[in-house]
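The residues making up each chain are set out below.
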Amino acid sequence: MKNATPEATKGVLYGLAAYTMWGSFPLYFALFGGVPAYEVLLHRVIWSCVFLAIVISVLKRWQPVTTALAHPEKLGYVLGCALFIALNWGVYIYAVETRHVLQASLGYFLTPLVNVAMGMLILRETISRLQGVAIGLATVAILYQLILLGVVPWITLVLAFSFGTYGLFRKKVELDGLSGLFVETLLLLPVALLALALLSSYDLSHFTGDTSMTLLLISSGIVTAIPLLAFAGAARRLRLATVGFLMYINPTIQFLIALLVFNEPLSTEKLMSFVMIWVALGIYSWSAWMGRERRAP
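Everything quoted here is computed from the prediction, not taken from an experiment.

Chemist: Sorry if this is basic, but what is going on with the overall build of the protein here?
Modeler: Helix and strand counts for the protein stand at 13 helices and zero strands. Each helix (α) and strand (β) of the protein, taken in turn from the N terminus, gives the series α-α-α-α-α-α-α-α-α-α-α-α-α. Dimensions of the protein, computed from the C-alpha atoms along their principal axes, are close to 55 × 50 × 40 Å. Looking at the 297 residues of the protein, the share that counts as buried comes to 44%. Long-range contacts, defined here as pairs at least 24 residues apart, represent 86% of the contacts in the protein between residues at least 6 apart. Of the roughly 15400 Å² of accessible surface on the protein, a fraction of 70% belongs to carbon and sulfur atoms. Taken as two groups, the 19 positive and 13 negative side-chain charges of the protein have centres that lie 14 Å from each other.

Chemist: What is the right way to read the pattern of salt bridges from this model?
Modeler: Proximity of charged atoms lets side chains of opposite charge pair with each other. Applying the stated criterion across every chain, the model contains two salt bridges. Ionic pairing is found between aspartate 176 and arginine 61, a salt bridge with its closest N-O pair at 2.7 Å. Taken together, the residues span a long stretch of sequence, with aspartate 176 in the loop between helix H8 (154-170) and helix H9 (177-201) and arginine 61 in the loop between helix H3 (37-59) and helix H4 (63-69) at a distance of 115 residues. Classification of aspartate 176 as partly exposed rests on a relative accessible area of 28%. Taking relative accessible area as the criterion, arginine 61 reaches 28% and is therefore assigned partly exposed. With its nearest N and O atoms 3.6 Å apart, the salt bridge here joins arginine 170 to glutamate 184. Taken together, the residues span a long stretch of sequence, with arginine 170 in helix H8 and glutamate 184 in helix H9 at a distance of 14 residues. Neither arginine 170 nor glutamate 184 differs from the other in exposure class; each is buried.

Chemist: Any chance you could explain the nonpolar core here in plain terms?
Modeler: The tendency in soluble globular proteins is for nonpolar side chains to be buried as a group. Core analysis: the biggest nonpolar cluster contains 80 residues, and Phe29, Phe32, Tyr92, Leu110, Leu113, Phe182 and Ile277 have the highest contact counts within it. Sorting elements by how many residues they give to this core places helix H6 (residues 101-121) first, with twelve residues. Tyrosine 92 has contacts with Trp22, Phe25, Pro26, Phe29, Ala104, Tyr108, Leu159 and Gln254, leaving out every residue within four places of it along the chain.

Chemist: Before we go on, may I ask you to explain the packing of H3 against helix H5 (residues 76-97) in this structure?
Modeler: Between two packed helices, both the angle of their axes relative to each other and the distance between the axes serve to describe the pair. H5 packs onto H3 with a crossing angle of 135° between their chain directions and a minimal axis gap of 9 Å. What the angle tells us is that H3 and H5 run oblique. Pair H3 / H5 crosses with right-handed handedness. Here Ala37, Val40, Leu41, Arg44, Val45 and Ser48 of H3 come into contact with H5, specifically with Ala86, Trp89, Gly90, Ile93, Tyr94 and Glu97. Across the contact of H3 with H5, the residue classes break down as eight nonpolar, two polar and two charged.

Chemist: For this particular structure, what's the right way to read H9?
Modeler: Each α-helix turn comprises 3.6 residues. Residues three or four places apart therefore point the same way. The first and last C-alpha atoms of H9 sit 35 Å apart over 25 residues, in line with the 36 Å expected at 1.5 Å per residue. At leucine 189, H9 is deflected by roughly 45°, the largest bend along its length, and proline proline 190 occurs up to four residues later in sequence. Where H9 begins, the capping side chain belongs to aspartate 176, and its oxygen is found 3.1 Å from the backbone nitrogen of leucine 178. Immediately beyond the C-terminal end of H9, within one or two residues, lies aspartate 203, with a positive phi of roughly 55°.

Conventions adopted
- Residues numbered from 1 in each chain as written.
- Predicted model: local features only at pLDDT ≥ 70, side-chain atom pairs only at ≥ 80, totals over all residues.
- Heavy atoms only, no water.
- Helix = DSSP H or I, 4+ residues; strand = E, 2+ residues; numbered from the N terminus.
- Buried < 20%, exposed > 50% of the residue type's maximum accessible area, 1.4 Å probe, protein only.
- Contact = heavy atoms within 4.5 Å.
- Areas by Shrake-Rupley, 256 points an atom, 1.4 Å probe, with all protein chains shown as cover.
- Lys, Arg positive; Asp, Glu negative; His and termini not counted.
- Charge placed at Lys NZ, Arg CZ, Asp CG, Glu CD.
- Salt bridge = Lys/Arg side-chain N within 4 Å of Asp/Glu carboxyl O.
- Core = buried A, V, L, I, M, F, W, Y, C linked by side-chain atoms within 4.5 Å.
- Axes fitted to C-alpha atoms, helices over the stretch in contact; angles between N-to-C directions.
- Parallel < 35°, antiparallel > 145°, perpendicular 65-115°, else oblique.
- Left-handed = near helix turned anticlockwise from the far one by under 90°.
- Nonpolar A, V, L, I, M, F, W, Y, C, P; charged D, E, K, R; others polar.
- Expected span 1.5 Å × (residues − 1).
- Bend = angle between axes of the 7 residues up to and from the residue.
- Polar contact = N/O pair within 3.5 Å; in protein donor to acceptor, adjacent residues only side chain to side chain.

In structure tokens form, the structure reads like this:
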């Protein structure tokens with residue numbers, strides 16, 4: 001018991017580091033000015049795979065990877081994870097490049113509620129009445145944007161549902177976070193290398209044009225992996241409820257960066273959508289907390 005408090009403190013620090021880094025991603029991806037989002041995505045896949053291979057070698061954790069690769073017939077869900085995380089990464093990079101970070105942050109605020117809705121509709125999980133109210137309010141928030149603004153917030157919806165579906169598939173995969181992400185990027189690696197070679201053949205690649213941009217593209221692998229490692233440290237030391245609470249740090253930082261750094265306009269209609277999502281998250285969090293209290297001995 002004496003070691004519980006220091007370990008929990010370490011867990012919180014790891015969690016804060018992970019979600020702060022993820023929340024600061026708009027500042028990083030904004031540095032790729034002039035490089036199309038799809039090319040940044042290709043390099044993120046390639047260099048993440050390379051860097052994760054180095055990390056796994058240093059930690060001597062190849063056994064789960066080799067076991068998974070020895071049974072390719074069982075990699076269906078891992079391939080699904082790979083496709084949805086690639087979609088999520090690509091749309092997020094596009095959102096930053098086109099200065100739609102507010103939409104991106106709303107997508108990550110919405111993700112927990114999408115997870116609950118998917119659990120109910122696909123996994124037939126039961127939800128509380130308050131959780132149902134939270135999902136309903138989030139749906140109203142999206143319809144509010146659609147009707148009053150006359151646009152489909154597609155970046156918000158794609159980010160929320162791609163990450164939610166990734167989480168759904170991830171439940172079927174036995175690999176830990178580090179090994180899982182490596183195998184996912186490994187499955188995408190041939191396509192990424194082929195696409196990059198095609199860009200180079202048409203002299204459209206930005207990889208070798210400028211040294212600083214080359215190094216920046218290579219760094220995308222490190223930037224992808226480090227928050228994951230910090231998150232793994234948090235998940236091992238903290239209760240799931242605590243990790244879930246810390247998760248809101250990520251979209252909150254993105255929201256502030258969009259307003260204060262990128263000066264994205266926030267109309268009254270958009271603000272109302274955020275308020276409805278925030279209220280829905282408050283209801284959902286309260287319901288989850290009350291459920292945990294009732295289950296406590």
